[in-house]
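# Observations on the three-dimensional arrangement
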Amino acid sequence: MMQVRVLALAAALTGAMTVPPETPASTTFSFRIVQDIYPNASALPDGRIYLTTGMLAHVENEAQLAMVLGHEIGHVTEEHALESLRRQRSGQRRNKIIGATAGAALGGLLGGKKGGGAGAVQGAAAGTAAGVLVAAVINSVIRSRYSREQEKAADRIGADLALKRGFDPEQAARFWEMQHERFGRRSLSTRIEHSLFGSHPRDRVRAEGVRELLAGDLKAAIDERRAGDGLSTGTPRFGSVISGLMRDTGAVMAERSDRHDLAIGLLEKARKHRPNDPRLLWALGRTYRMVARSEEKRAEADSLLAMAAAQDKRRIYPAIHRDIAYAVASQSEDYASAAGHLRKYVLGHIGVHGRLPSDIDDAYDKLVLFGDNEWVPPGFGWEAAPQPLQAASAARHHPTVWHTPADLAAYDAALQASTQQIENSFGGPLVDQQADSE
């Protein structure tokens, strides 16, 4: 959460620098970060601009961020989003996608343009009651489809605004070229939809369009600025600030999508700024193991997991030891070492959270496979079970395949003990109602 707050502040500062000074006072811009690995950016007609963490993770510097924000600012100042809502409202009778709420939203926006606050209220009333107005507007605008002419106009405004603030607009073309490299033909068909700016042209087409703009209408201004104070891509600290987001986005991307290449790319970039970050090394090791196709690659992944455990000096990520246990068991079949790491995981989780991990069933099951059929963490065994239901639950962790009569007898004794504790918690034996009535 703290990382998102820092990024929101960075986006707000960059956006505030980019807003045209001649913008009417009635249009107040705000810049908000949405936690979502999918890359997207959208603008509402009232000046609210939304950026996803997935989009920010792929921005390399402040100049590129300024171009993205400038592009969205252009959609607001040119009222492109408002025009899109008008088109949707005009087709409302044919298509029920927007409904009454979006009608209220549009009425409020149009009324506000004409008559300020009072006009907005009257417009909203005329457009029908607005119970969930904000959600409907956001949904409508995010799904809005700008024309290519509108996209080009927004690109020009974004480049011009960035240039006036000393940012290098060349970074806009680089940004779109990188997007094409990352997503390419898969951009609209993979699990990670590349949905930046709604119905934008293909990234390569966008990059070519921006380069034409820089070599044409803006060339003189760019050359003049380069010859004078020069142009900047931003401050060196940007990479450090964004590195936590790269780590988190890369880790989630590896778990939820098939784009492990993108995940590894983000994690490796973040690693340059966070070489001793246990969370990053852990995520990188897990991701490399997902795609490892050779003993060498698996060994590299296991080395990263070991580094993560060594760097976790505060001992707040005990699940690293769980992953090491599974890696050791599958890689070297050193079951004694694997069992030791699993015990560290369970004990570490109790130390951090004060309770057994949610996957304790699986941990106990793996310990049985690794040859440990007895261990339970101190204070969580039969003799110390604080609640009857915990004892009953613990009985499930005994083996369901018995090799000797003694194993079966021990299991029966455990069940009887837990049943007795449950009965005691109800004040006495649980008597069969039918037998009692007889």
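Now for a look at the structure at hand.

Let us now look at the overall build of the protein chain. Counting its regular elements, the protein chain contains 20 helices and three strands. Looking at the protein chain as a whole, 45% of its 438 residues qualify as buried. A fraction of 63% describes how many contacts in the protein chain between residues 6 or more apart in sequence connect residues 24 or more apart. Accessible area of the protein chain: about 23000 Å², with a carbon and sulfur share of 53%.

Right, let's talk about the packing of aromatic side chains for a bit. This model, assessed by the stated rule, comprises four aromatic pairs. Measuring from centroid to centroid gives 6.4 Å for Phe29 and Phe31, while their planes differ by 15 degrees, and the two rings are stacked. The two residues Phe29 and Phe31 agree in class, both being buried. Above the ring of Tyr345, the side-chain terminus of Arg322 is found at 5.3 Å from the ring centroid. When the ring centre of Tyr326 is taken as origin, the NZ or CZ atom of Lys366, which lies over that ring, is 5.6 Å away.

Another aspect to go through is the sheet that holds strand S1 (residues 30–34). The three strands lie next to each other as S1-S3-S2, forming an open sheet whose pairing is mixed. Sheet topology places S1 and strand S2 (41–43) at the edges, where each strand pairs with a single neighbour. Neighbour-to-neighbour, the strand axes of this sheet turn through a mean angle of 20 degrees, independent of strand direction. Sheet strands in contact with helix H3 (residues 62–77) are S1, S2 and strand S3 (48–52), and its direction is about 145 degrees off that of S3.

This part is about the pattern of salt bridges. For side chains of opposite charge, pairing can occur when their charged atoms come near one another. Applying the stated rule across the entire model yields 24 salt bridges. For Glu60, the salt bridge identified is with Arg174, shortest N-O distance 3.1 Å. You can see Glu60 sitting in the loop between helix H2 (53–56) and H3 and its partner Arg174 sitting in helix H8 (residues 170–183), a full 114 residues away along the chain. What makes Arg174 partly exposed here is its relative accessible area of 37%. Arg322 serves as the salt-bridge partner of Asp359, at 3.4 Å between the closest nitrogen and oxygen. Taken as a pair, Asp359 in the loop between helix H16 (335–353) and helix H17 (360–369) and Arg322 in helix H15 (residues 319–331) lie far apart in primary sequence, 37 residues in all. Exposure remark for Arg322: the relative accessible area of 18% places this residue in the buried category. Overlapping salt bridges, with partners in common, bring together Arg247, Asp248, Arg274, Asp277 and Arg279 in one network.

Ranked by internal contacts, the top residues of the largest apolar core, which has 47 residues, are Ile49, Leu51, Met55, Leu56 and Leu65. For this core, the element with the most residues is H3, which contributes eight residues. Of all hydrophobic cores here, the second largest spans 29 residues; its members include Ala308, Ile320, Ala338 and Val346.

Enumeration over the complete set of coordinates arrives at two cavities of 30 Å³ or more. Looking at the largest cavity, its volume works out to about 80 Å³. Around the largest cavity, the lining comprises 12 residues; the ones closest to its centre are Met67, Val68, His71, Asp155 and Trp176. At the level of secondary structure, the elements contributing two or more residues to the lining of the largest cavity comprise H3, helix H7 (148–164) and H8. Ranked by residue count, the leading element in the lining of the largest cavity is H7, at four residues. Partitioned by chemical class, the residues of the lining of the largest cavity number nine nonpolar, two polar and one charged.

This part is about the packing of H16 against H17. Running from N to C, H16 and H17 point in directions that differ by 155 degrees, and their axes come no closer than 10 Å. It follows from the interaxial angle that H16 and H17 lie roughly antiparallel. The handedness of the crossing between H16 and H17 is left-handed. Contact residues: H16 offers Ala339, Leu342, Arg343 and Val346, while H17 offers Ile360, Ala363, Lys366 and Leu367.

Thresholds applied
- Residues numbered from 1 in each chain as written.
- Predicted model: local features only at pLDDT ≥ 70, side-chain atom pairs only at ≥ 80, totals over all residues.
- Heavy atoms only, no water.
- Helix = DSSP H or I, 4+ residues; strand = E, 2+ residues; numbered from the N terminus.
- Buried < 20%, exposed > 50% of the residue type's maximum accessible area, 1.4 Å probe, protein only.
- Contact = heavy atoms within 4.5 Å.
- Areas by Shrake-Rupley, 256 points an atom, 1.4 Å probe, with all protein chains shown as cover.
- Phe/Tyr/Trp six-rings, centres within 6.5 Å; stacked < 30°, edge-to-face > 60°.
- Lys NZ or Arg CZ within 6 Å of the ring centre and 35° of its normal.
- Pairing = 2+ DSSP bridges.
- Axes fitted to C-alpha atoms, helices over the stretch in contact; angles between N-to-C directions.
- Salt bridge = Lys/Arg side-chain N within 4 Å of Asp/Glu carboxyl O.
- Core = buried A, V, L, I, M, F, W, Y, C linked by side-chain atoms within 4.5 Å.
- 1 Å grid on protein atoms, 1.4 Å probe; cavity = no way out; pocket = protein on both sides within 12 Å on 5 of 7 lines; lining within 4 Å.
- Points joined across faces, edges and corners; volume = space filled by probe spheres on them.
- Nonpolar A, V, L, I, M, F, W, Y, C, P; charged D, E, K, R; others polar.
- Parallel < 35°, antiparallel > 145°, perpendicular 65-115°, else oblique.
- Left-handed = near helix turned anticlockwise from the far one by under 90°.

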